[in-house]
Amino acid sequence: MLPAIAALNGTELATKRPRERPWALVLAGGDGRRLEALTRKIAGAPIPKQYCRITGGRSLLEATLARIFPLVPRERTLVIVNRSHLELALPQLPDVPPGNVIVQPGNRDTGPGIVFGLLDLAARRPRAPVVVFPSDHYVDDGSAFCEHVERATLLVDRFPTKIALLGIRPTHPEPAFGYIEPGPPLVVRGLESRPPYQVAAFHEKPSIELAKQLQRRGALWNSFVMVFHPSRLLALLQQRRSADVEQLRGVIRSGAGYEGVPRWNFSADFLTQIAHHLLVVPVDGVSWSDWGTPEAVEQTLAALRLQGADGHPAESSARMQTAE
């Protein structure tokens, strides 16, 4: 059955190649403008949210690194930061090898940021897949979350030309989200109890009316955590955004010109165009929140206070507000 599924997807199923452990690409180059008032109150200055210790003694970036460490060792972890953030970033990256801290000259949105990191990774010539992790997410159970990442990694190992996304089950229609509309399930050995799905369509920030329809159809929110082989994703980017890729290659070679790189969003301007290359792994049993707005942070903190007060798990934090 598996080869038939692979043929259905236009994908060559990998059956003999030994499985390689993944790399991680952590995105920490955002400016976090919408949370400036909150981070100023906490840190005394309007710092980017990923460097702020909003809860407990760890920043969101530090919590992200701690969460993925059991899955990916530090020597295989790359962290993308902005040059203007180095003073904040470096003290929070003591265990990441200096050569694995990728410094982009500035924030040009998620598209150039990811391509910038992938070009660096491709120069290292890894054959293994890479897992992309945003650094501004709240996750209540890192171990359970990494199990879902492992499932996505296994999936990409079986279908090496696909990009696997982790999808969150929505609790309400939200037009600020990206939605992954599942297609047929895949029967994959080892994932029978919680099957992944092909992707019928990817919708970025739909209207409220469409968001309601998508929720009724079982669509999932895009967590922006994804697994793929770098060479495969770069090939797809080269097909659809070759000018952007080549411009960034030139910037890396010359060390100049990044300010002239156009801004573009990886989800809206790329993922929406390649739905037939995507797979989705539904995430269950994990409270997750993308802290893109003050309202998202307050909702999660309120849920945590409620949980602490009555000793029972709060309603799933999939009701978070998000924005890449």
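Our subject is the structure that appears above.
Residues numbered from 1 in each chain as written. Predicted model: local features only at pLDDT ≥ 70, side-chain atom pairs only at ≥ 80, totals over all residues. Heavy atoms only, no water.

Caption draft 1: Region of interest: the overall build of the protein chain. The secondary structure content of the protein chain amounts to eleven helices and eleven strands. In the protein chain, the proportion of contacts linking residues at least 24 apart, taken out of those at least 6 apart, comes to 75%. Within the structure as shown, the protein chain displays about 13700 Å² of accessible surface, and the carbon and sulfur contribution to it stands at 53%. (Helix = DSSP H or I, 4+ residues; strand = E, 2+ residues; numbered from the N terminus. Contact = heavy atoms within 4.5 Å. Areas by Shrake-Rupley, 256 points an atom, 1.4 Å probe, with all protein chains shown as cover.)

Caption draft 2: Up close: the environment of Ser267. If you trace the backbone, Ser267 turns up in helix α10 (residues 266–269). Expressed as a C-alpha distance, the spacing of Ser267 and Gly178, which sit 89 residues apart in the sequence, is 7.6 Å.

Caption draft 3: Expanded view of the nonpolar core. With 55 residues, the main nonpolar core has Val79, Leu93, Phe133, Phe145 and Leu155 as its most contacted residues. When residues in this core are grouped by element, the largest group, eight residues, is from helix α6 (residues 142–158). Setting aside chain neighbours within four positions, we find Val79 in contact with Val26, Ala28, Leu61, Leu65, Leu93, Val96, Asn100, Val101 and Ile102. With 41 residues, the next largest nonpolar core counts Ile180, Leu234, Tyr258 and Val261 among its residues. (Core = buried A, V, L, I, M, F, W, Y, C linked by side-chain atoms within 4.5 Å. Buried < 20%, exposed > 50% of the residue type's maximum accessible area, 1.4 Å probe, protein only.)

Caption draft 4: View of the pattern of salt bridges. Evaluation of the coordinates by the stated rule reveals nine salt bridges. Its salt-bridge partner being Asp284, residue Arg169 comes within 2.6 Å of it at the nearest N-O pair. With Arg169 in the loop between β6 (163–168) and β7 (178–185) and Asp284 in the loop between β10 (278–283) and β11 (288–290), the pair connects residues that are 115 residues apart, well separated along the chain. Given the relative accessible area of 41%, Arg169 is considered partly exposed. (Salt bridge = Lys/Arg side-chain N within 4 Å of Asp/Glu carboxyl O.)

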